[in-house]
Amino acid sequence: MEVNFGKYADGLVPAIVQDKDTLRVLMLGFMNEAALAKTRETGKVTFYSRSKQRLWTKGEESGHFLLLGEVLLDCDQDTLLIKATPQGPTCHTGTDTCWGETNVPGDFLFYLEGVIASRKGASPETSYTAKLFARGINKVAQKVGEEAVELVIEAKDNDKALFLGEAADLMFHYLVLLRAKGYDLAEVVDVLKQRHAK
């Protein structure tokens, strides 16, 4: 990788940081040769701070490091794309990104999975999800089977709203079953990734 650090007078190139899993853009910083070398050496994303006039590792004060995944160079060889795993909020204001966006892992399904996990200990009197958990693994599994059958039945017709409603019901109860078994969606995604790689 031949980065053109000499293209600009200050010897800095833009470094766009992207969450390697969610692909959400987290921040923009600047790197010189020393910052890129330290990033590779330590595995923690390091920039050249124009205000401090020194190398600065993201998270050196907050502990919210950006753990290096990979470094990509653009076609003009003067901009870096850093894929990293954030160890907390990226922005100094406390938000997930410097644009105030929420960095939900993967997508809404992962967010929903978190909500389901939080309801596991709730009162069955106040939460449908808690009631499912309280009924035990056999009843949760049975409910997934029922929802799957209902989806198959709706697949034979042409009512989009009913079909999507049953698909959503199946997906929700599937996530409840995963949590009841002590597994999470990321583990299923890993299995799919391994199969895809073959």
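This text gives an overview of the structure that appears in the document. All values reported here derive from a predicted model rather than from experimental measurement. (Residues numbered from 1 in each chain as written. Predicted model: local features only at pLDDT ≥ 70, side-chain atom pairs only at ≥ 80, totals over all residues. Heavy atoms only, no water.)

Quick notes on the pairing of strand 4 (residues 54–57)
And then number 1: Here 4 bridges tie strand 3 (residues 46–49) to strand 4, and the two strands are oriented antiparallel to one another. Across the sheet, residue Tyr48 finds its bridge partner in strand 4, namely Leu55.
And then number 2: Counted along the chain from strand 3 to the antiparallel partner strand 4, the turn is 4 residues long, and its residue Gln53 has a positive phi close to 55°. (Pairing = 2+ DSSP bridges. Helix = DSSP H or I, 4+ residues; strand = E, 2+ residues; numbered from the N terminus.)

Points about the nonpolar core
And then number 1: By size, the foremost hydrophobic cluster in this structure holds 17 residues, and its most contacted members are Val17, Met31, Val45, Leu80 and Ile82.
And then number 2: Breaking this core down by element, the ones donating at least two residues are strand 1 (13–19), strand 2 (25–31), helix 1 (33–42), strand 5 (66–73) and strand 6 (80–86).
And then number 3: Setting aside anything within four residues of it in sequence, one finds Val17 in contact with Arg24, Val25, Leu26, Met27, Val45, Phe47, Leu66, Ile82 and Ala84.
And then number 4: Ranked by size, the runner-up nonpolar core spans 10 residues in total, among them Ile116, Phe133, Leu175 and Leu185. (Core = buried A, V, L, I, M, F, W, Y, C linked by side-chain atoms within 4.5 Å. Buried < 20%, exposed > 50% of the residue type's maximum accessible area, 1.4 Å probe, protein only. Contact = heavy atoms within 4.5 Å.)

Topic: the environment of Ser123
And then number 1: Mapped onto the secondary structure, Ser123 falls in the loop between helix 2 (108–119) and helix 3 (128–135).
And then number 2: Considering only alpha carbons, one finds Ser123 and Ala134, 11 residues apart in sequence, at a separation of 9.1 Å.

Observations regarding the layout of surface pockets
And then number 1: Taken as a whole, the largest pocket holds about 510 Å³ of empty space.
And then number 2: What lines the largest pocket is a set of 23 residues, among which Met27, Lys52, Trp56, Lys58 and His92 lie closest to the centre.
And then number 3: At the level of secondary structure, the elements contributing two or more residues to the lining of the largest pocket comprise strand 2 and strand 3.
And then number 4: Here the lining of the largest pocket takes 4 residues from strand 2, the largest share from any one element.
And then number 5: The class makeup of the residues in the lining of the largest pocket is 9 nonpolar, 9 polar and 5 charged. (1 Å grid on protein atoms, 1.4 Å probe; cavity = no way out; pocket = protein on both sides within 12 Å on 5 of 7 lines; lining within 4 Å. Points joined across faces, edges and corners; volume = space filled by probe spheres on them. Nonpolar A, V, L, I, M, F, W, Y, C, P; charged D, E, K, R; others polar.)

Concerning the side chain of Glu147
And then number 1: Structurally, Glu147 can be placed in helix 4 (residues 137–155).
And then number 2: For Glu147, a relative accessible area of 4% gives the class buried.
And then number 3: Filtering out sequence-adjacent residues up to four positions away, Glu147 remains in contact with Glu166, Asp169, Leu170 and His173.

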